[in-house]
Amino acid sequence: MSRRYSALALFRNSLTGNRDWDPVWRSPEPKPRYDVVIIGGGGHGLATAYHLARDFGVPRVAVLEKGWIGGGNTGRNTTIVRSDYYYPASTAFFDRSVTLYERLSRELNFNIMFSQRGMLTVAHSRAELDWQRRLVNAAQLAGVDLETVTAAEARRLCPILNDSSGMRHPIVGGMLQRRAGTVRHDAVVWGYARAADRLGVDIVQNCEVTGIDRDAVSGAVTSVRTSRGVIGCGKVGVAVAGHSSVLADMAGFRLPLRSFSLQAFVSEPLKPVLDIVVSSAVLGVYASQSDKGGLVVGGNADPYASYAQRGNMPAAEAVAAGLVELIPAFSRVRLLRQWAGIVDYAHDSSPILGLSPVPNLYLNCGWGGGGFKAIPAGGETFAHTIATGEPHPLIRAFSLDRFRSLALVDEAAAAGIEH
Ligand SMILES: Cc1cc2nc3c(=O)[nH]c(=O)nc-3n(C[C@H](O)[C@H](O)[C@H](O)COP(=O)(O)OP(=O)(O)OC[C@H]3O[C@@H](n4cnc5c(N)ncnc54)[C@H](O)[C@@H]3O)c2cc1C
C-alpha cells in the first residue's frame, strides 16, 4: 500500500535523492476472472473503478487499457470544468461534478490543481444575449452560479478582449461562471489510478479488448477477449469515449453515436496575461493560460466523422483566426503543438450513461468534447449503476432508452462549442 503524500514525506525523500517513493500504481498481470471489468483507462474508467471498490466494496475489479492510462481524451483535453448547462438533468449532474472536483485533491491525497479562475463566454449579438439570459435563468433556478455580464464588465474581467469598433462580431455582453476553471488532466488520471490501486483494483495497461463473449441462452456478458488472453467477468463497464461504437459492435448492438476528431493547440509560453477562461461560440474558439504560460486553445470538432487522431491545417487556421479576432494581442504568438482526440457525439449532445441492451454490460459514452468536467460525477454514478444494476438517479435522463422515447436532453446550444 502506498504512503500518503505529505510535507514530511517530501522532506524525508529529499534526503535520499527521491529514490524511495512507492510506485504510484502496480502493473499486475491480468487475473483469469474479475467481478467487474472496466474497459478504458481514461478518467471515467478509473473513477468508476475507484468508486466500485470504495463505495460498494466490489472485491475484484480490473481496468483494461489498450495503451497507457490517460492516453485517450483525458490526456488530450483542454481541461475546462464548468456546469453552465440548460436542462435540470444536466445542471444537476455537471454541478455535482464541479462540487466533487472542489474536494478531489483532498479526497485522493493528490493535487489536481483545480484553478477556479472563472469562465467568461462572450456574446456577439442581441440574439445570443437573449439565449444567454435564458441559460443563466435556467442555471440559477437549478442553483448554479451563472450570471450575465455587460460588455464593460466582460472587458474588466478580460482587459485584452478585442475592443475595436470595427470588430466583425462586436462583443455586446456575456455570461460568467465564477466556480468554473481548469484542472490538471494528468493529475486526475494519476490520482484516481493511485487511489483505485490502493483499494486493490488491477490496472492493466497494454491490454486491448478485441472481443466480448456472451452466454448463448441469457445473452449476458461472460468474458472479454483481449490482447493478453481471455478474461472472465461478472459485469463489464465500457468507458472508451470515441471508440464506444467499436465496443458496442463487439457486443452485438449499435449506438446512436458518431465519432469525430477534435483538436487542441498550445502556444509558446507567455508571461501571465490571461487569468480567466474565455470562450466565444460565434468565433469558434476558447482559451486559457496554463501554469507553464502556454495558451491552451480549442475550437470545434472536424465537420466529418473520422477515427483519424491527428491535427490538420483547416482546423488550425479556423481556431487561430477566431483567437486573433477575440484577442488581437495574440496575433504574433506562435502555436507550439497541435493534437487531436476522438470524441463521440449523440444527436442531443448529451452523454449516454447506464444500462445497455446486453445484460451485465453498462455504458459510459457520448461525452463529445465535454466529458472531462464530468469525470468525478461520471465515476460516482456509473459505479452505482454497475454495482446495483439500477441507473443512479442523477443519470436517469441520460439512458440509451431516450432515443426510443425521444425524451432527448438537447444541450447542443448550451455547449455552443466543445469544452
Ligand atoms: C481536444 C479535446 C479537448 C477537450 N476539451 C475538454 C474540456 O475542456 N473540458 C471537458 O470537460 N472535456 C473536454 N474534452 C472531452 C474529454 O476529454 C472527454 O470527454 C473525456 O476525457 C472522456 O473521458 P473517458 O475516460 O471517457 O475517455 P478517454 O480518456 O478517451 O479514455 C478511454 C480509454 O479507452 C481506451 N480504449 C479504447 N478502446 C479500447 C479497447 N478496445 N480496449 C481497451 N481500452 C480501449 C483508450 O485507449 C482510452 O485510454 C476534450 C476532448 C478533446 C479531444
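Everything numeric in this text was worked out from a predicted model, so none of it was measured.

A. How the structure looks around the pairing of strand 10 (residues 221–226). Here strand 9 (residues 209–214) runs beside strand 10; their pairing, made up of five bridges, is antiparallel. Residue pairing for strand 10: Gly-211 is matched across the bridge by Arg-225. Connecting strand 9 to the antiparallel partner strand 10 that follows it, the hairpin turn spans six residues, and Gly-219 within it adopts a positive phi of roughly 80 degrees. As paired elements, strand 10 and strand 11 (residues 229–238) share four bridges and run antiparallel to each other. Across the sheet, residue Ser-223 finds its bridge partner in strand 11, namely Gly-232. The loop that links strand 10 with its antiparallel partner strand 11 comprises two residues.

B. Quick peek at the site of the ligand. Taken together, 40 residues lie around the ligand, and Gly-40, Gly-42, Gly-72, Gly-341 and Gly-371 are the ones closest in. Among the elements of the structure, helix 2 (43–56), strand 12 (258–269) and strand 16 (335–345) are those that each provide at least two residues to the shell around the ligand. Partitioning the shell around the ligand into residue classes produces twelve nonpolar, 22 polar and six charged. Counting residues domain by domain, the shell around the ligand receives three or more from each of domain 1 (28–110 + 185–256 + 348–415) and domain 2 (119–181 + 259–345).

C. Highlighting the sheet that holds strand 16. Spatially, 5-6-4-13-14-15-12-16 is the arrangement adopted by the eight strands of the open sheet, whose pairing is mixed. A single partner strand is all that each edge strand has here, and the edge strands are strand 5 (146–150) and strand 16. Adjacent strand axes in the sheet meet at a mean angle of 20 degrees when their direction is disregarded. Bridge count for strand 4 (residues 119–123) against strand 13 (residues 277–280) is three bridges, and the pairing is parallel. Looking at the pairing, Leu-120 lines up with Val-278 of strand 13. Along the sheet face, helix 8 (residues 313–326) touches strand 12, strand 13, strand 14 (285–289), strand 15 (294–298) and strand 16 and points at about 70 degrees away from the line of strand 14.

D. Focus on the nonpolar core. Membership of the largest hydrophobic core comes to 119 residues, with the highest contact counts inside it found for Val-37 and Ile-39. Of the residues that make up this core, three or more belong to each of domain 1 (28–110 + 185–256 + 348–415) and domain 2 (119–181 + 259–345). When sequence neighbours within four positions are dropped, the list of residues in contact with Val-37 reads Ala-62, Leu-64, Val-224, Ile-231, Cys-233 and Val-236.

E. Representation of the domain arrangement of the protein in the model. In terms of domain boundaries, the protein breaks down into domain 1 (28–110 + 185–256 + 348–415) and domain 2 (119–181 + 259–345). With centres defined by C-alpha atoms, the gap from domain 1 to domain 2 works out at 28 Å. Taken together, the contact between domain 1 and domain 2 spans 29 residues of the former and 27 residues of the latter. Broken down by secondary-structure element, the contributors of at least two residues to the side of domain 1 that touches domain 2 are strand 3 (80–81), helix 3 (88–108), helix 7 (244–251) and helix 11 (412–415). A total of five residues in the side of domain 1 that touches domain 2 trace back to one element, the largest contributor, which is helix 3.

F. Representation of the packing of helix 2 against helix 9 (residues 375–388) within the structure. Viewed as axis vectors pointing N to C, helix 2 and helix 9 meet at an angle of 55 degrees, and their least axial separation amounts to 7 Å. Judged on the interaxial angle alone, helix 9 and helix 2 are oblique. Every pair of crossing elements has a handedness; the one defined by helix 2 and helix 9 is right-handed. In this structure, helix 2 uses Gly-43, His-44, Ala-47, Thr-48, Tyr-50, His-51, Leu-52, Asp-55 and Phe-56 to contact helix 9, whose residues at the interface are Ile-375, Pro-376, Gly-378, Gly-379, Glu-380, Phe-382, Ala-383, Ile-386 and Ala-387. Looking at the contact of helix 2 with helix 9 residue by residue, the classes come out as ten nonpolar, six polar and two charged.

G. Layout of the environment of Val-230. By the element assignment, Val-230 lies in strand 11. For Val-230, the contacting residues outside a window of four places in its chain are Ser-223 and Arg-225.

What counts, and at which threshold
- Residues numbered from 1 in each chain as written.
- Predicted model: local features only at pLDDT ≥ 70, side-chain atom pairs only at ≥ 80, totals over all residues.
- Pairing = 2+ DSSP bridges.
- Helix = DSSP H or I, 4+ residues; strand = E, 2+ residues; numbered from the N terminus.
- Near = placed C-beta within 6 Å.
- Nonpolar A, V, L, I, M, F, W, Y, C, P; charged D, E, K, R; others polar.
- Domains from an automatic or database assignment.
- Axes fitted to C-alpha atoms, helices over the stretch in contact; angles between N-to-C directions.
- Contact = placed C-beta atoms within 7 Å.
- Core = buried A, V, L, I, M, F, W, Y, C linked by C-beta atoms within 7 Å.
- Buried ≥ 20, exposed ≤ 12 C-beta atoms within 10 Å, placed from the backbone.
- Parallel < 35°, antiparallel > 145°, perpendicular 65-115°, else oblique.
- Left-handed = near helix turned anticlockwise from the far one by under 90°.

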